[in-house]
Amino acid sequence: MYKHKTTLSLPGPDDVLRQTLPNGLTLLVRENFASPTVVVSGYVNAGAADVPRDKIGLAGFTTDVMERGTHTRSFAQLYEEVESIAASFGLESGIHTTSFGAKGLAEHLPLLLDILNDVLRHPAFEKEQVEKARAEILTDIQERENDTQRMAALMFRELAYPEAHPLHWSQTGYNATISRLTRDDLAQFHAQFFAPQDAVIVVVGAVKAAVAAQAITDTFGAWQANRPPYPVLPPVPKLTERREKRLTIDDKTQSDLILGWPGPARLDPDFVPCFVANTVLGVFGMYGRLGKIIREANGLAYYVYSHIEGGKAPGPWRVIAGVNPANVDKTVTLIIQELHRIRDKRVSKDELNDSQSFLTGSLPLQLETNEGVAHALLNIERYNLGLDYLQRYTEMITAVTAPQVQDVAQRWLDPDHYALAVAEPSTS
Amino acid sequence: MNLLRTTLDNGLKVLIRESHAAPVVSVWAWYRAGVRNEHLGVTGISHWVEHMAFKGSARWPEGSADQAIAREGGVFNGMTWYDFTTYYETLPAHKISLALDIESDRMHNIVFEPEAVESERTVIISERQGNENSPLFLLGEEVAAAAYRVHPYGHETLGHLCDLQTMTRDTLYHYYQRYYTPSNAILAIAGDFNTGEIERLAERYFGSIATGPQVPPVGAIEPPQRGERRVIVEGAGQTDYLNVAFHIPEARHEDFFALTVLNAVLGGAAGFLVGGGAVTNHTSRLYRALVDKEFAIDVGGSLMSTVDPGLYQLTATAWPGRALADVETALWTEIERLQTSPVTPPELEKAQRQARALFAYASESATQQAFWLGYSEIFADYGWFTRYLDKLAAVTADDVQRAAQIYLRPQNRTTGWYLSKK
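Below, the discussion takes up the overall build of chain A. Within chain A one finds 16 helices and 11 strands. Relative to the compact-globule value of 22 Å for 428 residues, chain A shows a C-alpha radius of gyration of 23 Å, a close match. When each of the 428 residues of chain A is scored for burial, the buried share is 52%. Taking as baseline every contact in chain A between residues at least 6 positions apart, the subset at least 24 positions apart corresponds to 80%.

Attention now moves to the domain arrangement of chain A. Residue and element names in this part refer to chain A. The domains assigned to chain A are domain 1 (17-220) and domain 2 (243-425). Placing a centre on the C-alpha atoms of domain 1 and another on those of domain 2 gives a separation of 28 Å. Listed per partner, the contact involves 28 residues of domain 1 and 31 residues of domain 2. Of all the secondary structure elements, the ones that give two or more residues to the side of domain 1 that touches domain 2 are strand 2 (26-31), strand 3 (37-44), helix 5 (148-160) and strand 6 (200-205). With nine residues, the single largest contributor to the side of domain 1 that touches domain 2 is helix 5. Here the side of domain 1 that touches domain 2 is built from residues that sort into 16 nonpolar, 10 polar and two charged.

Further remarks concern the sheet that holds strand 9 (residues 301-308) of chain A. All names here are of chain A. Taken together, five strands build an open sheet; the order of strands is 7-11-8-10-9 and the sheet is mixed. Looking at strand neighbours, the two that pair on one side only are strand 7 (243-249) and strand 9, the edges of this open sheet. Here the strands of the sheet are splayed against their neighbours by 10 degrees on average, with no regard to which way each runs. Of the strand pairs in this sheet, strand 8 (residues 255-262) and strand 10 (residues 316-323) are connected by eight bridges, and their pairing is antiparallel.

Each side of the interface is counted separately: chain B has 61 residues, and chain A has 58 residues. Elements with a minimum of two residues in the side of chain B that touches chain A: helix 2 (64-71), strand 5 (85-92), helix 3 (96-108), helix 4 (114-132), helix 8 (195-206) and helix 12 (345-361) of chain B. In terms of residue count, helix 4 of chain B provides more of the side of chain B that touches chain A than any other element does, nine residues in total. Looking at side-chain class alone, the side of chain B that touches chain A contains 24 nonpolar, 25 polar and 12 charged residues.

Cut-offs applied
Residues numbered from 1 in each chain as written. Chains lettered and ligands numbered in written order. Predicted model: local features only at pLDDT ≥ 70, side-chain atom pairs only at ≥ 80, totals over all residues. Helix = DSSP H or I, 4+ residues; strand = E, 2+ residues; numbered from the N terminus. Rg over C-alpha atoms; globule rule 2.2 N^0.38 Å. Buried ≥ 20, exposed ≤ 12 C-beta atoms within 10 Å, placed from the backbone. Contact = placed C-beta atoms within 7 Å. Domains from an automatic or database assignment. Nonpolar A, V, L, I, M, F, W, Y, C, P; charged D, E, K, R; others polar. Pairing = 2+ DSSP bridges. Axes fitted to C-alpha atoms, helices over the stretch in contact; angles between N-to-C directions.

In structure tokens:
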């Protein structure tokens, strides 16, 4: 019998350095000298949930312009520094947070931290860069209108979430809102919401933990700012009716459909059993039960899968498929049939074991790269899961029982009340 | 680097790279069967056979291999490209036998049930239709078709719809029998193991498979292009796109490295296909000339690394309200600049520095390592990959200028416009 040599060392309290600085920023570092690279990943608590209804898209617009120059680095200088060492950095706004990240050779960690600190704290919001970013976003919105997958996603949000909730709206924004946002709107949003309190920064790579921690402290330790209290989002009610919206787009040949519901938040006690149920439904092997019936047995779609987002918001639980326009109704019928099946009949022991061993067995793969470890550590911090989370993960997943899977399917996967968004070719 | 390169008696090339960074292993089986081996009437056949190779054998009935891999927490997939079809599994290291078992079975035992072929026909057509929803796919397909009038690289991996509608089960099966043989395949393995043990396992799983017939040679040679070709695609949307393709030599050719540096200066350093890192291109010449000057929203370049001469493509999204003719003019000005004066020493140094970092990013995981073992062997040999940085370091400003003069001539280009109806 072949024996491999290396044992998986799951990141945990013994090898992850974690500190919280006096300004509220928490840092986590894990060493990995397998390759000469380093990944920085983190977030600050500023996002779409902080944006009023008439300024939708403001959070994303702000981060786009933050990437385009600081008080001491023009756009050209910023990218000359980063690209000349083949590093990369970026910001991305979400509902509650703005994520930031960078990747480069380990020797460049101090520079990467300096640049992230600079764009997070000292963005210039130059008028010219505001207009360039605006043109990019408006073009992206135009492209979205001609994209069946993106339009289906947009319509699904509108159907599944109440207007008062940020998940109802596009985070990119709309032509009307992006067109009227001003430079001052962006600068003000930044000044008001970007702060180190409860922010997190993770470094993983070929650098000594103590050295990386000191570099983070030296760079971000002096950041002093406070943001207003976090917004309280309205509750997301379960759907009590079937909501459907279809949109036709010219010159298309395939239909994209999304069928789903607002799902459980990450910290909802139902989340872990739902996560396992979702693996059975539309992930395991080639897209789970949905793939088997819709792609393999009926040849209806190139892709069909289900996805549960979790998140703080709470994010959606969706079935997503791309099918020939003639097969949309048949595909929906088969999806509903599979929803009934997972609700009505308890999943067999073998099938449940399969999904559980997939989820636990894939940990080494997820944690193979610096990006994978950084992503896992960031999630642990985001949801306060505890540094021993990865070490408890297998036990937590295997503890889910077939009755639990059936119970959450019955409560969350409602085959009569759901949102269905279809973006499809015009038939004429 | 701990690398073993060997050939089994049946002709199967085996490349093994041992590394103990993580308890993971990645196994890739490569076949010299891609767009290059296709002709009109059977375009898309390599890709369709790839789909069929997941539809099962007597030993691994449909779905069972996928499930066995997933049960171990592994990932798997297949992909088809210009010169190859490949399949991989990345798994916890102690499960490597499972991947070898599945791939050795896939090499000669897939059954091609007629019902499975019909069911997959609609899946393949659906995949093509999904791509047709994208303006850039429609434009790219037309540009490649115009750039090549003889060589099969001119058609899409997905194939023409009429061929997908008419190809028969027997045609697919014969293609599989002809191209899926040890002597037409490469087995690439990277990860946490002992090389000697893996060599023995490779022999055990693959050694008894019959050598198989010689594959037919590819005789197509694209004749020189004698003047610019232009295509226009009209379609929905509000955004216009420009796609320009220049014929370039095969990846083994010495000029390929000068073109790699040229692309880094002109369009921005390109990453390495499978994972790893990428750099933005905001300091590239084209970004400065087209995006900073508000001719384009974005712009980028890509080189095909192929067995036969490929294409160097530049793609731009027009700035709102900008005519594609203006975007083109700005683009030609930058190309002329490359042809008439050498790139500067800092530009050359930056391109070489970027290559070194991107190379490091491209070797971080077992999956990436095994990918490069096999991929470079397809269009050259693994030495191409290991010598890559030295080759780039040897490129001079004169080499770049000469490559621009030879390959970026107007007579050598195909220019495509996607005009939105607005």
